[in-house]
Amino acid sequence: MMAHPSQLLAILLLEAMIGYPAALLTRVGHPVTWIGAVIAGLEERWNYGSARRRKVAGGALLLVIIVLAAGSGWLVFALLGDVFWGLLLIVAGTTGLAQRSLYDHVHAVEVPLAGGDLAAARAAVAMVVGRDTETMTANDIAVAAIETLAESFCDGVIAPAFWFLVGGLPGLFTAKAINTADSMIGHRDSRYEHFGWAAARADDAINLLPARVSGLLIAAVAGQGLVSRALAIMWRDAPGHASPNGGWPEAAMAGALGRRLGGPVTYAGDRADRAWLGDGPAPGAVDLGLALKLYRRACLLLWALVALLAGAVVWAR
């Protein structure tokens, strides 16, 4: 069920303008919260026993949410038919992307950080990262927010857009479900190391190409004389990242800004020694503002490329 690029362009533009309405979120939640509730419920019931049993149960959970996500996308088309499909597809498709919400959440960190209100900045960044935030310095906050912005450009924008093109609404919903599962249970700790193994590997697989595309887009909008540096840093440092995908957009962002990301952080009091990405000093509030500008440019470049693809499809016919 491949989608037309013009449909993707409409989804990208509409989602950037309206995001997900707050009133709708309050009343009925969001598709991500719905699938998250299913994951949480199954995890509570199935995550026990030996390592082998946990792996099998985690794989079964992944299969369940894939069937639910892909089936939901297919059902929308089957019930409403061709007459309403185009409009509904565009509206429903906006729920799978996060251009607007990602910008809003990171901007909410930038504002207090630029104003010197570390307490408010820590509270804001705690909404988008899992690492400990209580003792973060201004530089730590900027690092966390910039890394989230870069990595989520892949997870929340490029990957769902790619899978929408490949598989239509079922592809988009499936990618979002897998990403949600990975964020909830794909951790290397005593509880999830075995149970979340399938979700983590599936997320690695669906983001393999989108992560590299994300890094290239960020590097491409780095500005005059900075593109080559961003590309060089990306190729040099991305392979050293703990994630096979997260390092590509993060390293590209580090190179574009001329700042150093990565390094040690703590999760629930446990220190994690992460690889360094990029060269130069640690970023600050000004660099976070520049990162948001790069993000906006990368989104605009994505729109332009999708528009060109749509035009090429029409011309080829």
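Check the entry above for the structure.
Cut-off values and rules
- Residues numbered from 1 in each chain as written.
- Predicted model: local features only at pLDDT ≥ 70, side-chain atom pairs only at ≥ 80, totals over all residues.
- Heavy atoms only, no water.
- Helix = DSSP H or I, 4+ residues; strand = E, 2+ residues; numbered from the N terminus.
- Rg over C-alpha atoms; globule rule 2.2 N^0.38 Å.
- Buried < 20%, exposed > 50% of the residue type's maximum accessible area, 1.4 Å probe, protein only.
- Contact = heavy atoms within 4.5 Å.
- Areas by Shrake-Rupley, 256 points an atom, 1.4 Å probe, with all protein chains shown as cover.
- Lys, Arg positive; Asp, Glu negative; His and termini not counted.
- Charge placed at Lys NZ, Arg CZ, Asp CG, Glu CD.
- Salt bridge = Lys/Arg side-chain N within 4 Å of Asp/Glu carboxyl O.
- Phe/Tyr/Trp six-rings, centres within 6.5 Å; stacked < 30°, edge-to-face > 60°.
- Lys NZ or Arg CZ within 6 Å of the ring centre and 35° of its normal.

*Asks:* Explain the overall build of the protein chain to me, and be specific about the residues and the numbers.
*Replies:* Check the secondary structure of the protein chain and you find 12 helices and 4 strands. Expected size for 317 residues packed as a compact globule is a radius of gyration near 20 Å; at 20 Å, the protein chain falls within 12% of this value. Taken over the C-alpha atoms alone, the protein chain extends approximately 55 × 55 × 40 Å along its principal axes. Looking at the protein chain residue by residue over its 317 residues, the buried ones come to 47%. Considering only residue pairs separated by 6 or more positions, the protein chain has 70% of its internal contacts joining residues 24 or more positions apart. Entry remark: accessible area of the protein chain is about 15,100 Å², with carbon and sulfur atoms responsible for 65%. Measuring between centres, the 24 positive side-chain charges of the protein chain sit 3 Å from its 24 negative side-chain charges.

*Asks:* Which residues make up the environment of tryptophan 46, and what values do they have?
*Replies:* By the element assignment, tryptophan 46 lies in helix 3 (residues 31–46). Of the residues examined, tryptophan 46 reaches a relative accessible area of 27% and is grouped as partly exposed. Sequence spacing of tryptophan 46 and alanine 60 is 14 residues, and the spatial spacing of their C-alpha atoms is 9.4 Å. Once you skip the residues sitting within four places of it in the chain, tryptophan 46 turns out to touch Arg53, Ala57, Ala60, Leu61, Val64 and Phe195.

*Asks:* Go over the pattern of salt bridges, please, and point to the residues and values.
*Replies:* Proximity of charged atoms lets side chains of opposite charge pair with each other. On inspection of all chains with the given rule, the structure shows 9 salt bridges. Notably, a salt bridge pairs glutamate 43 with arginine 191, separated by 2.8 Å at the nearest N-O pair. Highlighted residues: glutamate 43 in helix 3 and arginine 191 in the loop between helix 7 (138–185) and helix 8 (197–206), separated in sequence by 148 residues. The exposure class of glutamate 43 is buried, given its relative accessible area of 6%. Since its relative accessible area comes to 43%, arginine 191 is described here as partly exposed. Aspartate 287 is the salt-bridge partner of arginine 259, the closest N and O atoms lying 3.3 Å from each other. A residue pair is termed long-range when its members are at least 10 positions apart, and arginine 259 in the loop between helix 11 (247–257) and strand 1 (261–262) and aspartate 287 in helix 12 (residues 285–316) qualify at 28 residues. Connected via shared salt-bridge partners are Arg131, Glu147 and Arg274.

*Asks:* Can you break down the packing of aromatic side chains residue by residue, with the values?
*Replies:* Evaluated as defined, the whole model comprises 3 aromatic pairs. Taking the centre distance of 5.0 Å and the plane angle of 85° together, the rings of phenylalanine 162 and tryptophan 163 count as edge-to-face. For tryptophan 163, a relative accessible area of 24% corresponds to the partly exposed category. Residues tryptophan 235 and tryptophan 248 carry aromatic rings whose centres are separated by 5.2 Å and whose planes lie at 80° to one another, so their mutual orientation is edge-to-face. Of this pair, tryptophan 235 sits in helix 10 (residues 227–237) while tryptophan 248 sits in helix 11, placing them 13 residues apart in sequence. Given the relative accessible area of 55%, tryptophan 235 is considered exposed. According to the relative accessible area criterion, tryptophan 248 is buried, its value standing at 9%. Sitting over the face of the ring of tryptophan 197, lysine 55 holds its NZ or CZ atom 4.9 Å from the ring centroid. The ring of tryptophan 276 carries the charged tip of arginine 260 above its face, separated from the ring centre by 3.7 Å.

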